[in-house]
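Structural overview for review
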Amino acid sequence: MPEGHTLHRLARLHQRRFARAPVLVSSPQGRFADGAAAVSGRVLRKASAWGKHLFHHYEGGRVVHVHLGLYGTFTELPLPMPLPVGQVRMRMIGTEYGTDLRGPTVCEVIDEAEIDDVIARLGPDPLRRDADGSLAWERIRKSRRAIGSLLMDQTVIAGVGNVYRNELLYRHLIDPYRPGIHIDEAEFDEMWTDLVALMKVGFRRGKIIVIRPEDDHGAPAYGPDRPRTYVYRRAGEPCRICGTEVRTAVMEGRNVFWCPTCQK
């Protein structure tokens, strides 16, 4: 599932490609036909993101709300666009570029006022200038749930996915099973500051870069063209720092990775 920095990069790209001009919107597969008709031909005023949610704001107060989920992707091409291939939920055609959306969990038209309803269900987004980490801290410090679960809960912090969750906890040497009530405020403040910095790097570079330069050596990354990680998708391999075998388990439906020696 794309993490928050990916949605902010998409918002910036769509702002650059489509904003301030009329956009033709269609639904080749037909599942978004009514929504597409409601905004097609209108000027896209801006694109914005909050956590893993993307918003296209059109003149007249209509907004296309997208959540990519596990499988959603945008594919961009210069004009003229070829005929749609596969299950294209939404096609946008601007003055020079077009983009196809496939496989999102959510693709709907809402009113500007309804954006507040979406955001009200989310925690602070570390990539937004108005992000208030204290709101996340208030939820964490009262919870008996594991911190590894709380960091993935979008109502606590919006935009954190499995890579940032696992790597942040390793960078701060915190066991993912430690309850939120046993995280102290100084620990959270350090994690929040680090998370903001890491996600800003991800936003700028388009890659999740979490490993410190002095540790960026040894065993290769978990996949081609992926930066190295400390623990994410390294189960059974030696910890880059202490050599202990990295462990994994399923936590609320997602794999969590940690070093049992470093993260006590």
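Residues numbered from 1 in each chain as written. Predicted model: local features only at pLDDT ≥ 70, side-chain atom pairs only at ≥ 80, totals over all residues. Heavy atoms only, no water.

The name an unreviewed UniProt entry assigns to the protein is Endonuclease 8 1, from the organism Mycolicibacterium holsaticum. The record held by UniProt for the protein lists under Cofactor (unreviewed entry) the comment "Zn(2+)". Its UniProt record gives the protein a comment under Sequence similarities (unreviewed entry), which states: "Belongs to the FPG family." (UniProt positions renumbered as here; feature names shortened; annotations may be inferred.)

1. With respect to the domain arrangement of the protein
Its domain assignment divides the protein into domain 1 (4-121) and domain 2 (133-258). One C-alpha centre belongs to domain 1, the other to domain 2, and the line joining them spans 30 Å. Ranking the residues of domain 1 by area buried against domain 2 places H5, R9 and K52 at the top, with a combined share of 56%. The tally of links from domain 1 across to domain 2 stands at zero salt bridges. Scanning the region where domain 1 abuts domain 2 turns up three residue pairs in polar contact (both at pLDDT 80 or more). The dominant element in the side of domain 1 that touches domain 2, judged by the number of residues it contributes, is helix α1 (residues 4-18), at five residues. The residue makeup of the side of domain 1 that touches domain 2, split by class, is one nonpolar, four polar and four charged. (Domains from an automatic or database assignment. Buried area = accessible area lost by both parts, 1.4 Å probe. Salt bridge = Lys/Arg side-chain N within 4 Å of Asp/Glu carboxyl O. Polar contact = N/O pair within 3.5 Å; in protein donor to acceptor, adjacent residues only side chain to side chain. Helix = DSSP H or I, 4+ residues; strand = E, 2+ residues; numbered from the N terminus. Nonpolar A, V, L, I, M, F, W, Y, C, P; charged D, E, K, R; others polar.)

2. Side note on the sheet that holds strand β7 (residues 97-102)
The sheet built from four strands is open, its strands ordered β1-β6-β7-β5 with antiparallel pairing. Of all strands in the sheet, those with a lone pairing partner are β1 (24-26) and β5 (73-78), marking the two edges. The mean inter-strand angle of the sheet, taken between neighbouring strand axes irrespective of direction, is 15°. With five bridges connecting them, strand β6 (residues 88-93) and β7 associate as antiparallel partners. Within β7, the residue paired with M90 across the bridge is L101. Seen against the sheet, α1 touches β5, β6 and β7 and runs at an angle of roughly 145° to β7. (Pairing = 2+ DSSP bridges. Axes fitted to C-alpha atoms, helices over the stretch in contact; angles between N-to-C directions. Contact = heavy atoms within 4.5 Å.)

3. Some points on helix α7 (residues 185-205)
In this model, α7 (21 residues) spans 30 Å end to end at C-alpha, consistent with the 30 Å of a helix rising 1.5 Å per residue. For α7, the set of buried residues is F188, M191, W192, D194, L195, V196, L198, M199, V201 and G202. Between a side-chain oxygen at the N-terminus of α7 and the backbone nitrogen of A186 the separation is 3.1 Å; the capping residue is D184. Once α7 finishes, G206 follows within two positions and takes phi at roughly 75°, a positive value. (Expected span 1.5 Å × (residues − 1). Buried < 20%, exposed > 50% of the residue type's maximum accessible area, 1.4 Å probe, protein only.)

4. Concerning the sheet that holds strand β2 (residues 44-50)
Read from one edge of the open sheet, four strands run β2-β3-β4-β8, paired in antiparallel fashion. Every other strand in the sheet has two partners, leaving β2 and β8 (106-111) as the edge strands with one partner each. Averaged over all pairs of adjacent strands, the angle between their axes in this sheet comes to 20°, without regard to strand direction. Where strand β3 (residues 53-58) lies against strand β4 (residues 62-67), five bridges are found, and the strand directions are antiparallel. Following the sheet pairing, H53 is matched in β4 by H67. Here α1 sits on the sheet and contacts β2 and β3; the angle it forms with β2, its principal contact strand, is near 175°. Sitting on the sheet, helix α3 (residues 112-120) touches β2, β3, β4 and β8, and the angle it makes with β8 is about 125°.

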